[in-house]
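Examination of the molecular architecture
Here is how the chains run, residue by residue.
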Amino acid sequence: MDGTLLQSNNQIGEETRKALKKADSLGIKVVPASGRPLPGVIPYMNELGITGDNNYAVLYNGGLVQSISGRVLISHQFNFAEFEKMLEIQKRNSGVNLHFMKEYEYWTLDRKISLKMAKMSFVSGATFVIKDFNEIPEDFRFIKAEFTGSVAAMDKLPEYFPVGFTEEYNVARSDPQIWEINKKAASKSNGIHELAQKLGIKDDEVMIFGDQGNDMSMFENFDFKKIAMGNAIEAIKEKADFVTKTNDEAGIAYAINKFVF
């Protein structure tokens, strides 16, 4: 969504809105694939008129797939031992915020919340729940972990990952100030693939758009039609079938009009 569907002002441009509404009217499934939870997606889907139990969203980078009405189709969750593992990484790199994303809430042990985290809570429509360690139950589960901090701190964060961490989990830098951690089975690519299978749609009938590191898994699926935004990072552009215009230049609409209509 951010940097792809949404313009720099966090709005859907008029050309993109028209193209997506036309696609929906033709029976094409329009599915947001986002790092956000459902509350951060619903306002934009409402704007497009794409709602209800037969429309879907790939959320938390594929950690959760829900219908727009809230029905859970797919969920990949971490356990308490993995919660402790994330805390150990944070302890090694002071000044870094860490929060744990549940279906509709962000849990954190941090008392001092960064502006970045506050903004993420606002745009995602998810409230922060601040806990002490001894208040976390042993059956605690979460869908995604996020580390946030200064660009310099995020540059350094991988030095504190345990050996094999990036092989064990899906680890992506979605923003200069954010690292996102998902279960290995949870990725935007897998979420889209699993949802498409449930809907009887083949991978070569799927067109995806993206711009950042947490979109990379989609660009590694050989069968998807892969469209990089004009504002995408170079690693995404290199794997794309086509580079469209930027998010502020109605890049989604340009590609849909070129390849679909």
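Residues numbered from 1 in each chain as written. Predicted model: local features only at pLDDT ≥ 70, side-chain atom pairs only at ≥ 80, totals over all residues. Heavy atoms only, no water.

Under the annotation held in an unreviewed UniProt entry, the chain carries the name Hydrolase of HAD family and is attributed to Lactobacillus acidophilus.

Focus on the overall build of the chain
When its secondary structure is counted, the chain shows 10 helices and 12 strands. Reported as C-alpha extents along the three principal axes, the dimensions of the chain are approximately 55 × 35 × 30 Å. Split into buried and exposed, the 261 residues of the chain put 50% on the buried side. In the chain, the share of contacts with a sequence separation of at least 24, taken over all contacts with a separation of at least 6, comes to 55%. Accessible surface, the chain as shown: approximately 11900 Å² in total, 49% of it carbon and sulfur. Of the side chains in the chain, 31 bear a positive and 36 a negative charge, and the two mean positions are spaced by 2 Å. (Helix = DSSP H or I, 4+ residues; strand = E, 2+ residues; numbered from the N terminus. Buried < 20%, exposed > 50% of the residue type's maximum accessible area, 1.4 Å probe, protein only. Contact = heavy atoms within 4.5 Å. Areas by Shrake-Rupley, 256 points an atom, 1.4 Å probe, with all protein chains shown as cover. Lys, Arg positive; Asp, Glu negative; His and termini not counted. Charge placed at Lys NZ, Arg CZ, Asp CG, Glu CD.)

A closer look at a nonpolar patch on the surface
A cluster of nonpolar side chains, contributed by Leu26, Ile28, Phe259, Val260 and Phe261, occupies part of the molecular surface with about 400 Å² of accessible area. Within the fold, Phe259 resides in helix 10 (residues 251-259). (Patch = residues over 30% accessible without salt bridge, like charges linked within 9 Å, V, L, I, M, F, W, Y side chains within 5 Å. Salt bridge = Lys/Arg side-chain N within 4 Å of Asp/Glu carboxyl O.)

Overview of the nonpolar core
Counting residues in hydrophobic clusters, the biggest one holds 34 residues, and the most contacted among them are Leu5, Leu20, Phe209 and Ile252. For this core, the secondary structure elements donating two or more residues are helix 1 (14-25), helix 2 (42-48), strand 1 (56-59) and helix 10. For this core, the leading source of residues is helix 10, giving 4 residues. Two domains each donate at least three residues to this core, and these are domain 1 (14-75 + 186-260) and domain 2 (80-183). Sequence-distant contacts of Ile252, that is, excluding residues within four places in its chain, are made with Thr4, Leu5, Thr16, Leu20, Phe209 and Met229. Grouped together as the second largest cluster of nonpolar side chains are 24 residues, Met86, Ile89, Trp107 and Ile136 included. (Core = buried A, V, L, I, M, F, W, Y, C linked by side-chain atoms within 4.5 Å. Domains from an automatic or database assignment.)

Here's the deal with the domain arrangement of the chain
When its domains are assigned, the chain resolves into domain 1 (14-75 + 186-260) and domain 2 (80-183). Spacing between the C-alpha centres of domain 1 and domain 2 amounts to 25 Å. Across the contact, 18 residues belong to domain 1 and 19 residues belong to domain 2. The largest share of the area that domain 1 buries against domain 2 comes from Pro39, Tyr60 and Ala186, three residues that together contribute 38% of it. Joining domain 1 to domain 2, the criterion identifies 11 residue pairs in polar contact (both at pLDDT 80 or more). (Buried area = accessible area lost by both parts, 1.4 Å probe. Polar contact = N/O pair within 3.5 Å; in protein donor to acceptor, adjacent residues only side chain to side chain.)

Some words on the packing of aromatic side chains
Enumeration over the complete set of coordinates arrives at 17 aromatic pairs. Between Phe140 and Phe142 the ring centres are 5.7 Å apart and the planes differ by 25°, which places this aromatic pair in the stacked class. Each member of the pair, Phe140 as well as Phe142, is classed as buried. Through a chain of ring-to-ring contacts, three or more aromatic side chains come together here, namely Phe78, Phe80, Phe83, Phe100, Trp107, Phe133, Phe140, Phe142, Phe161, Phe165, Tyr169 and Trp179. Positioned above the aromatic ring of Trp107 is the side chain of Lys102, whose terminal nitrogen or guanidinium carbon lies 5.5 Å from the ring centre. In this arrangement the basic side chain of Lys258 is found over the ring face of Phe259, its NZ or CZ atom lying 5.6 Å from the centre. (Phe/Tyr/Trp six-rings, centres within 6.5 Å; stacked < 30°, edge-to-face > 60°. Lys NZ or Arg CZ within 6 Å of the ring centre and 35° of its normal.)

Description of the environment of Leu195
Topologically, Leu195 is positioned in helix 7 (residues 188-198). For Leu195, a relative accessible area of 4% translates into the label buried. Discounting chain neighbours no more than four positions away, the residues touching Leu195 are Val31, Tyr56, Val58, Val65, Leu73 and Ile74.

Quick look at the sheet that holds strand 8 (residues 169-175)
Within a sheet, adjacent strands bond to each other through the backbone by hydrogen bonds, running parallel or antiparallel. Sheet architecture is open: 6 strands sit in the order 6-5-4-7-9-8, paired in mixed fashion. Each edge of the open sheet is held by one strand with a lone partner, namely strand 6 (127-130) and strand 8. The sheet shows a mean angle of 25° between the axes of neighbouring strands, taken without regard to direction. Relative to strand 9 (residues 178-183), strand 8 runs antiparallel, the two being bridged by 6 bridges. Along strand 9, the bridge assignment pairs Ala172 with Glu180. Together, strand 4 (97-101), strand 7 (144-148), strand 8 and strand 9 form the strand contacts of helix 3 (residues 80-92), whose direction differs from that of strand 4 by roughly 165°. Here helix 4 (residues 115-124) sits on the sheet and contacts strand 4, strand 5 (105-108), strand 6, strand 7, strand 8 and strand 9; the angle it forms with strand 4, its principal contact strand, is near 20°. (Pairing = 2+ DSSP bridges. Axes fitted to C-alpha atoms, helices over the stretch in contact; angles between N-to-C directions.)

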